[in-house]
Amino acid sequence: MIKVENLSKSFGSLKVLQGVNAEIKKGECVSIIGPSGAGKSVFLYCLNGLEKCDGGSIYINDDNICDKKTDINKIRLKMGMVYQNFNLFSHLSVIENIILAPVMVKKISREKAIETADKLLETVCLFDKKHSYPDELSGGQRQRIAIARALAMEPEIMLFDEPTSALDPAMSGEVLAVIRNLAKLGYTMVIVTHEMNFAKEISDRVFFMNEKSIYESGSPGDIFNDPKKPATIAFIRKLKTFNYKVSSHSFDLIEMSSRLKLFCVKYNIEAKKIDYTNLAIEELITYILNHCYDKKQTPEIDITVEFGDIDKKIEIEVVHDGKTLNPFDKISYTPDETETKSDTDNTDDTDDMGIFIISNISSGISFSGENGINRFKIKI
């Protein structure tokens, strides 16, 4: 259905796409992932002629849309496009937004267009909003209306450009549910997305874009669990990594815990492991702040949490530049001469209990201290 051969695209002296080759079959769902600036959205816009290619060919069925002789408007009738920011007409009601193109472009009767729109509104669970205006809707509702509007043209191909990037997690769920249903109905879909779990779940294939081209492609299992090329491996690894920096004795523990929980939920990590991970980090950071820095020192503590998609293990790495102490070596702690009693009072018992807790909930702990840099690794 879609065949791309040696596609290239530049903006002035900036080359965005070079040597892109791909085939997408009828009824196939392909997700496109990759770092910012990799050309994902530009590639999508080239597929429906919103951006003109500088070289190469794009065949939609047997029509080369890069050929100047091709009627691009006729080809676009076969494709529905859903953008990041909805692009609804604010002065038109929901129903008028949906029927506008079928009536004006395809010359469908208004009555028939409304009948189709009503069915689509039921599909996206927004029939009761048909007479509302876009400004009266939430972001998730507006994006669902945008999908219904694209479907009203009865396209053969649906293109999605980061359809949830402007939405919070709850609203994203609404939109992703609608796209899942479209996949079940057998639509040919190309989706540029940053929702990795969604891409993994819904896709027949995944394209990883990097270095101005499709750097690696394969099944979701291949790309997310067993990528072969270095840049893909680095990208997937980074996606499954949480980072946080502590640079104050009174750091915001609640914010760190909330962000860590969002990371864990994103990768469907079980609740017990989320609790254990939060607990281990909280207790270890408390120990380090109490014993490895005096009150006048500014702490520099880097926390990295990595989730292994295959073994389902969580590895916590904590790196700091304070005093070298390993609370897990069973050597009791004694304050040095530079610390006052107020620095250490009422910390030993609670800190020892915290270290004991970490030891019991972890499956492995290692420590190294060299050249003033201390590194803990804890597996949950």
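Quick caveat: nothing in here was measured; it's all calculated off a predicted structure. (Residues numbered from 1 in each chain as written. Predicted model: local features only at pLDDT ≥ 70, side-chain atom pairs only at ≥ 80, totals over all residues. Heavy atoms only, no water.)

Asks: What's the story with the environment of Ser359 in this structure? I'm lost.
Replies: For Ser359, the position within the fold is in helix H13 (residues 348-361). The exposure class assigned to Ser359 is partly exposed, which follows from its relative accessible area of 36%. For the pair Ser359 and Phe328, spaced 31 residues apart in the sequence, the C-alpha separation amounts to 7.7 Å. Ser359 has contacts with Phe328 and Ile365, leaving out every residue within four places of it along the chain. (Helix = DSSP H or I, 4+ residues; strand = E, 2+ residues; numbered from the N terminus. Buried < 20%, exposed > 50% of the residue type's maximum accessible area, 1.4 Å probe, protein only. Contact = heavy atoms within 4.5 Å.)

Asks: Explain the packing of aromatic side chains here, please?
Replies: Any two aromatic rings considered together are summarised by their centre-to-centre distance and by the angle between their planes. Evaluation of the coordinates by the stated rule reveals seven aromatic pairs. Considering the side-chain rings of Phe208 and Tyr215, the 5.9 Å spacing of their centres and the 80° angle between planes classify their relative orientation as edge-to-face. Ring centres of Phe328 and Phe376 lie 6.1 Å apart, and the angle between their planes is 75°; on these two criteria the pair is classed as edge-to-face. Taken together, the residues span a long stretch of sequence, with Phe328 in the loop between strand S13 (314-320) and helix H12 (341-344) and Phe376 in strand S15 (residues 373-379) at a distance of 48 residues. (Phe/Tyr/Trp six-rings, centres within 6.5 Å; stacked < 30°, edge-to-face > 60°.)

Asks: How should unusual backbone geometry be read in this particular structure?
Replies: Comment: phi is negative for the bulk of residues other than glycine, and the bulk of peptide bonds are trans. The backbone phi angle of Asn6 is positive, close to 50°, even though this residue is not glycine. Relative to the assigned elements, Asn6 resides in strand S1 (residues 2-11). In this model, Asn61 sits at a positive phi of 55°, which is unusual for a non-glycine residue. Here Asn61 shows up in the loop between strand S4 (55-60) and strand S5 (63-64). Note on Asn61: relative accessible area 32%, which makes it partly exposed.

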